[in-house]
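Secondary and tertiary structure notes
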Amino acid sequence: MRGIHFWIMAAAAALLLSACGGGESDGQGGQRRFVSIGSAPPGGAFFVVGSAVAEVLNANAAGNWEVNNEATSGSQENIRRLDAGDLDLAVSNAAITYSSLKGGRDWDKAYEMRSLMTLAPNIALFITSAGSSVRSVEDLKGKRVVVGPPGAGFEHFLAPLLEAHGVSYDDFTPLYNSQAGAVDMLSDGSASAAFLGGAVPTASITQASASMDIYFVPYDEEAKQRAIRDYPFFTAATIPAATYRNQEEPFQGLNVGSMHLITAASVDEELVYQITKTLYENRQQVAEKHPAGRAINPENVVRNVGTPFHPGAIRYYREIGIWPEAEAEDQSQSEDR
């Protein structure tokens, strides 16, 4: 009986150690860590990018980790789960991450998020039918306007953009639908305008321009520059002429929050360093799986979009000589505020 009791206790201890370790042996005396990435529902760019990141990290793991991409509801859920320790990494919209850092709008507190790398821009705009009376952002007042999928968090960048134009959600009837659903609502007249965007070309805008004559609602230049000045995640972006059917002139648009890869401030510096290094050194593999991988380049990957970078990422970027030292001062000031 004593022998049986000994082996039961030993097995229980082994299970406890395994549960606390967060991984399993790599066969070489080390621990392989299980890493989870939060992305978004299947069908959008975030899920595909999250899958690409997971695949490339696994292909170049060298026994260090096993990475799984989780389908989530998007940026807001990702940030809350990073904070709770349920995720290790996540794809997020820079505007939504910035809002979470401040703890404003719908957040219950300030969330300590950190960036690993800035990815592809999210170029968005309002479109309407060519025969619509909507010819400016101000003309949205009194109309029915699709403002994004329910729960997606578009209000974190759309509300300040509207505010710069002297418009708020109270001035029109906000409708919630997917981008494809928004195009259907424009086609059947149940919406006067829709806010659409993403990587260029954006599938929903291509769909809309193929099925009907559309009008790109221009941003007021002064309002756009005011938004860029007030929020670090906004940057000017041009949609080249002929990107969409009957688009004869370039459209002076706006990046309303780049996609970026984030983690919680408390995540281990060495892990973040190794993940950043692996993704950067194998960026071509990411690009082969999704065009967002092309944004992993020296000019873009360290671009400030309002979220401080994690020390592990900064260490790697300094090692390869692409971290702008002026950025270090800006980040320090940001963290002090």
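The present account deals with the structure reproduced in this document. (Residues numbered from 1 in each chain as written. Predicted model: local features only at pLDDT ≥ 70, side-chain atom pairs only at ≥ 80, totals over all residues. Heavy atoms only, no water.)

Remarks on the packing of helix H9 (residues 269–281) against helix H11 (residues 311–319)
Each pair of packed helices can be summarised by the angle the axes make with each other and by the distance between the axes. Where H9 meets H11, the closest approach of the two axes is 7 Å, and the angle between their N-to-C directions is 45 degrees. In terms of orientation, H9 and H11 fall into the oblique class. You can see that H9 and H11 cross each other, and the crossing is right-handed. Counting all contacts with H9, which are made through Glu269, Glu270, Val272, Tyr273, Thr276, Lys277, Tyr280 and Glu281, the residues of H11 involved are Pro311, Gly312, Ala313, Arg315, Tyr316, Tyr317 and Glu319. Within the contact of H9 with H11, the residues separate by chemical class into seven nonpolar, two polar and six charged. (Axes fitted to C-alpha atoms, helices over the stretch in contact; angles between N-to-C directions. Helix = DSSP H or I, 4+ residues; strand = E, 2+ residues; numbered from the N terminus. Parallel < 35°, antiparallel > 145°, perpendicular 65-115°, else oblique. Left-handed = near helix turned anticlockwise from the far one by under 90°. Contact = heavy atoms within 4.5 Å. Nonpolar A, V, L, I, M, F, W, Y, C, P; charged D, E, K, R; others polar.)

Describing the packing of aromatic side chains
Under the defined criterion, the tally for this structure stands at 18 aromatic pairs. Each ring, one from Tyr231 and one from Phe234, has its centre 5.9 Å from the other, and the planes form 85 degrees; the classification is edge-to-face. The class of Tyr231 is partly exposed, set by a relative accessible area of 23%. Residue Phe234 is classed as buried on the basis of its relative accessible area of 1%. An aromatic cluster of at least three residues, connected via ring pairs, comprises Tyr273, Tyr280, Phe309, Tyr316, Tyr317 and Trp323. (Phe/Tyr/Trp six-rings, centres within 6.5 Å; stacked < 30°, edge-to-face > 60°. Buried < 20%, exposed > 50% of the residue type's maximum accessible area, 1.4 Å probe, protein only.)

Brief notes about the environment of Asp268
Locating Asp268 in the fold gives a position in the loop between strand E13 (259–264) and H9. When its relative accessible area of 42% is taken as the criterion, Asp268 is described as partly exposed. Distance in space between the C-alpha atoms of Asp268 and Gly312 is 7.9 Å, their sequence separation being 44 residues. There is a polar contact of 3.0 Å between the side chain of Asp268 and the backbone nitrogen of Leu271. (Polar contact = N/O pair within 3.5 Å; in protein donor to acceptor, adjacent residues only side chain to side chain.)

A closer look at the environment of Val137
Here Val137 is to be found in the loop between strand E6 (123–129) and strand E7 (144–146). In the structure, Val137 is positioned 24 residues away from Leu161 in sequence and 9.8 Å away in space, judged by C-alpha atoms. If we ignore the near neighbours within four places in the chain, the residues touching Val137 are Leu162, His165, Val167, Val217, Pro218 and Tyr219.

Some thoughts on the side chain of Thr118
Tracing the sequence through the fold places Thr118 in strand E5 (residues 113–118). A residue is classified by how much of its surface remains accessible, and Thr118, at 0% relative accessible area, is buried. Apart from residues no more than four positions distant in its own chain, Thr118 is found in contact with Ser258, Met259, His260, Ala295, Asn300, Val301, Arg303, Val305 and Phe309.

Keep in mind these values describe shape, not function.
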